[in-house]
Amino acid sequence: IAARWRLNAGDAPSAGVAGTGLICYFCSMRIVVGDKSRLREAARQFLKETAGHTIFAIYGQMGSGKTTLIRALCSEMGVTDTVTSPTFTLINEYRIHSGSPVYHFDFYRIKKITEVLDFGIEEYFASGAPCFMEWPELIEPLLPDGTLHISITVEPDGTRIIEAPSQPLVTD
């Protein structure tokens, strides 16, 4: 099940979608965040809708809110560490209250894909821990099957649209 949510300032926290209810699509998700104060609620819904996924490729222009979204997601997951973009270090590791890791990658500054292979990206992906990636388009050939591709689009009024495009369900 996937959802379309629109969250604006003034919406009742329990309302979910601003007066429209839940609209289901075949394997797609669209969360519209009209006000930054609703980001935590959007993160909560995002995690609910993407339960079972561990590898997230987050696409968006510079300043679209990739790090801000990841910060909100980590907060909802129970990360108490300061969440910042690992632009220069390529990877930050955070811990949730249980001690389990959450990995945050930023590939903006990589020059060659071998840089990512050198620090063992496959082991992070295979760990089963949540992996959130900024600028994943720079390492597309390395993204494993099952990666959830998320795009953030900024509307002229500053509204953020967080989407996972339609994808076929993978069942065993």
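(A) The pattern of salt bridges, seen in detail. Taken as a whole, this structure holds five salt bridges when the rule is applied. Arg44 serves as the salt-bridge partner of Glu76, at 3.2 Å between the closest nitrogen and oxygen. One end of the pair, Glu76, is in helix 2 (residues 66-77); the other, Arg44, is in helix 1 (residues 39-49), and 32 residues separate them in sequence. Judged by its relative accessible area of 22%, Glu76 is partly exposed. The exposure class assigned to Arg44 is partly exposed, which follows from its relative accessible area of 44%. Taking the shortest distance from any N to any O, the salt bridge between Arg95 and Glu93 comes out at 2.4 Å. Taking the relative accessible area as the measure of exposure, Arg95 reaches 39% and is therefore partly exposed. Connected through shared salt-bridge partners, Arg40, Arg44 and Glu76 make up one network.

(B) Spatial organisation of the confidence of the model for the protein chain. Mean pLDDT for the protein chain: 83, with 80% of residues reaching 70 or above. In the predicted structure, residues 1-27 sits below a pLDDT of 50 and forms 68 contacts with residues beyond four places in sequence or in another chain. Long-range and interchain partners of residues 168-172, a stretch whose pLDDT sits below 50, account for four contacts in this model, where long-range means more than four residues apart.

(C) Just the side chain of Thr87, in detail. Mapped onto the fold, Thr87 is located in the loop between helix 2 and strand 4 (91-95). In terms of polar contacts, Thr87 uses its side chain to reach the side chain of Asp106, at 3.0 Å. Apart from residues lying up to four places away in sequence, Thr87 is in contact with Asp106 and Arg109.

Reading the values: rules and limits
Residues numbered from 1 in each chain as written. Predicted model: local features only at pLDDT ≥ 70, side-chain atom pairs only at ≥ 80, totals over all residues. Heavy atoms only, no water. Salt bridge = Lys/Arg side-chain N within 4 Å of Asp/Glu carboxyl O. Helix = DSSP H or I, 4+ residues; strand = E, 2+ residues; numbered from the N terminus. Buried < 20%, exposed > 50% of the residue type's maximum accessible area, 1.4 Å probe, protein only. pLDDT = per-residue confidence, 0-100. Contact = heavy atoms within 4.5 Å. Polar contact = N/O pair within 3.5 Å; in protein donor to acceptor, adjacent residues only side chain to side chain.

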